[in-house]
Amino acid sequence: MSDLRTVRRALLSVTDKAGLVEFAKRLDALGVELVSTGGTSKALREAGLTVRDISDLTGFPEMLDGRVKTLHPKVHGGILHIRGNKEHVAAVEEHAIEPIDMVVVNLYAFAKTAGKPGVEFGEVIENIDIGGPSMVRSAAKNFHDVAIVTSVAEYASVADEMESLGGLTLQTRWRLAKQAFATTAAYDTGIANALESMEAPTGDEHAPAKFVTKGEFPSSLRVNFPLKQTLRYGENPHQAAALYTDGSGTGVANGRQLQGKELSFNNIVDLDACWDLVREFDETAVAIIKHTNPCGAATGDTVLAAYKNALAADPISAFGGVIGINREVDGEAAEEIAKLFVEAIVAPKFSPEAIERFAAKKNLRLVEIASGSAPRVMKHVSGGMLLQDADHGMVASADWKVVTERTPTEAERTALKFAWIVCKYVKSNAIVYARTHEGHGQTVGVGAGQMSRVDAARFGAMKATLPMEGCVAASDAFFPFADGLETVAAAGATAIIQPGGSVRDAEVIAAADKLGLAMVFTGMRHFRHG
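On a predicted model such as this, the values are computed, not experimentally measured, just so you know. (Residues numbered from 1 in each chain as written. Predicted model: local features only at pLDDT ≥ 70, side-chain atom pairs only at ≥ 80, totals over all residues. Heavy atoms only, no water.)

1. As for the packing of aromatic side chains
Enumeration over the complete set of coordinates arrives at five aromatic pairs. Pairing Phe143 with Trp174 gives two aromatic rings, centres 5.0 Å apart and planes at 50°, and the pair type is tilted. Of this pair, Phe143 sits in the loop between helix 8 (131-141) and strand 5 (147-149) while Trp174 is found in helix 10 (residues 170-196), placing the two residues 31 residues apart along the sequence. Given a relative accessible area of 43%, Trp174 falls into the partly exposed group. For the pair Phe350 and Phe358, a centre-to-centre distance of 6.4 Å together with 80° between the ring planes defines the contact as edge-to-face. (Phe/Tyr/Trp six-rings, centres within 6.5 Å; stacked < 30°, edge-to-face > 60°. Helix = DSSP H or I, 4+ residues; strand = E, 2+ residues; numbered from the N terminus. Buried < 20%, exposed > 50% of the residue type's maximum accessible area, 1.4 Å probe, protein only.)

Shown next as structure tokens:
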């Protein structure tokens, strides 16, 4: 094969040493000379391999606490010279530069270091890799002659090809080069984003690095999410789609699917919506989502109790929905949930008994998820991107302002708190009717995504299958007129929670007093536009 390149010398310098020794042994067995640096060299020698120090190759010692070791013409000349170019070959021979046919590099763990609580500013800076990215880029640029391996996951396939073919094909070297440039792009993006979010240094390298968490946005939006999987299609069959992950290991995008069909675009969007809702609750909570809106939500002493209460709020809409649960799903709950046709379930854990009970429903997707949510939210618009802080705000009930003559009862306050959390995850305009049942919160009716607040109030009441009398209501934004509040009262609500802030607040408060309602203002709006 004319495009095959034999590897005679490999330079290995890695931070993540997983799989390193086994890979190096396979290279050694093929007669490849191993050249290495620092800790990598030590690990290989301890495994009994013969390793040539980088200082022997360059004729120059590692220096400046390891900051300078591979930044040398004998390294980059050995990587970058074009083997078929006579002038290049003559130049490296003149300067006694030895060819390097493979570079195996993974970079300093900058993101992990920068994310450590209380990390010192100096440690963050020292974990900016210089020599590694330089070698990666040099090798990737000269992919026609040199192989660059930046991923531990590639060790086995690279060694397999070398053993079977005696070298590496151009196709493989090209694939590895593309991975390499993606690696350095992601690495530099991580550094730029972290440093831009850090406050100016004080001059003391041992001082903790201080990160800006809110209110300041990067001068340039840099995003680099690796592809996790392509999807069957997008929101509709004629739309192509794919899922990318931030690599954090948390959230729906990084969840672990235990069983079922491949997740669809819509499944992922709905699972994200229900996970966001249930993680708001300290107590056991279940949310059933349909088209990103909760059709039922409830809390309870057990997952089973919370599920039954959530389902009772709208059992018709729940058919074909997705379910979010903030506790381990046990066998008893799984037995009951399995009676309903559900597309997917997300939870922090499923017990062995639950997995056994769900196994018969082969198409049901089960997703285990590590808690976590994005600090900011992006949305694509024509010609650009919108970026905002995620809506993690929630006003504590102790800070509510009672604006009516009547104060909510304790039972009403419990229901209002529950309704206010659920309302935050309903598309605007939103009205949520809720009640307490056996001491826990339960939705009664949900009016979602209406063009007027009055229609949202009417729609929520229309959707109710549970008794409305004595329920409470939450509105994601203020009532601009008294008619919306009067609609809520007519449906059976006795207490209302809303942000307040309308120029007609006085009129709305007067209407509430006339109807004998209790009403509280939070001072915080929760629009959810998509």
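2. Brief notes about the sheet that holds strand 5
The strand order across the open sheet formed by five strands is 3-2-1-4-5, and the pairing between neighbours is parallel. The strands lining the two open edges of the sheet, one partner per strand, are strand 3 (52-53) and strand 5. Running over the sheet, helix 8 touches strand 1 (9-14), strand 4 (102-106) and strand 5 and is turned about 140° from strand 4. (Pairing = 2+ DSSP bridges. Contact = heavy atoms within 4.5 Å. Axes fitted to C-alpha atoms, helices over the stretch in contact; angles between N-to-C directions.)

3. Concerning the packing of helix 17 (residues 453-463) against helix 18 (residues 482-491)
The packing of two helices is summarised by the inter-axis angle and the distance between the axes. Running from amino to carboxyl end, helix 17 crosses helix 18 at an angle of 10°, the nearest separation of the two axes being 8 Å. Classed by the angle they form, the pair helix 17 and helix 18 counts as roughly parallel. Residue-level inspection shows Val454, Ala457, Arg458 and Ala461 of helix 17 in contact with helix 18, the latter providing Asp483, Gly484, Thr487, Val488 and Ala491. Within the contact of helix 17 with helix 18, the residues separate by chemical class into five nonpolar, two polar and two charged. (Parallel < 35°, antiparallel > 145°, perpendicular 65-115°, else oblique. Nonpolar A, V, L, I, M, F, W, Y, C, P; charged D, E, K, R; others polar.)

4. Details of the domain arrangement of the protein chain
We note that the domain assignment places domain 1 (4-197), domain 2 (250-368) and domain 3 (397-521) within the protein chain. Taken over C-alpha atoms, the centre of domain 1 sits 45 Å from the centre of domain 2. (Domains from an automatic or database assignment.)

5. A look at the nonpolar core
Residues Met102 and Ile148 are the most contacted members of the largest nonpolar core, which totals 52 residues. Ranked by the residues each element gives to this core, the list is headed by helix 10, at six residues. For Ile148, the contacting residues outside a window of four places in its chain are Val103, Val136, Ala139, Ala140, Leu176, Ala177 and Ala180. Within the second largest apolar cluster, 45 residues are counted, among which are Leu263, Ala273, Ala285 and Ile289. (Core = buried A, V, L, I, M, F, W, Y, C linked by side-chain atoms within 4.5 Å.)

6. Some details on a negative patch on the surface
A cluster of acidic side chains, namely Asp282, Glu283, Asp301 and Glu438, defines a negative patch on the protein surface. Mapped onto the fold, Glu438 is located in the loop between strand 17 (431-437) and strand 18 (440-447). (Patch = residues over 30% accessible without salt bridge, like charges linked within 9 Å, V, L, I, M, F, W, Y side chains within 5 Å. Areas by Shrake-Rupley, 256 points an atom, 1.4 Å probe, with all protein chains shown as cover. Salt bridge = Lys/Arg side-chain N within 4 Å of Asp/Glu carboxyl O. Lys, Arg positive; Asp, Glu negative; His and termini not counted. Charge placed at Lys NZ, Arg CZ, Asp CG, Glu CD.)

7. What about the pattern of salt bridges?
On inspection of all chains with the given rule, the structure shows 22 salt bridges. Between Arg5 and Asp145 there is a salt bridge; the shortest N-O distance is 3.1 Å. Remark: Asp145 occurs in the loop between helix 8 and strand 5 and Arg5 occurs in the segment before strand 1; sequence separation between them is 140 residues. Salt bridges sharing common partners tie together Arg9, Glu33, Arg52 and Glu98.

8. Notes on the packing of helix 1 (residues 20-29) against helix 2 (residues 38-46)
In contact at an axis separation of 10 Å, helix 1 and helix 2 are set at 70° when each is read in the N-to-C sense. By the criterion of interaxial angle, the relationship of helix 1 to helix 2 is roughly perpendicular. Side by side, helix 1 and helix 2 meet where Leu20, Val21 and Ala24 of the first sit next to Thr40, Ala43 and Leu44 of the second. Along the lines of polarity and charge, the residues of the contact of helix 1 with helix 2 split into five nonpolar, one polar and no charged.

9. Points about the state of the cysteines
Tallied over the entire structure, the rule returns zero disulfides. Here Cys471 is not cross-linked by a disulfide; its sulfur's nearest cysteine counterpart is in Cys423, at 13 Å. Assessed through its relative accessible area of 1%, Cys471 is described here as buried. (Disulfide = S-S within 2.5 Å.)

10. Observations regarding the environment of Leu170
Position of Leu170 among the secondary structure elements: in helix 10. Leu170 sits in the partly exposed class, given a relative accessible area of 27%. As for Leu170 and Asp145, which are separated by 25 residues in sequence, their C-alpha atoms are 8.4 Å apart. Beyond its immediate sequence surroundings of up to four residues, Leu170 is in contact with Asp3, Phe143 and His144.

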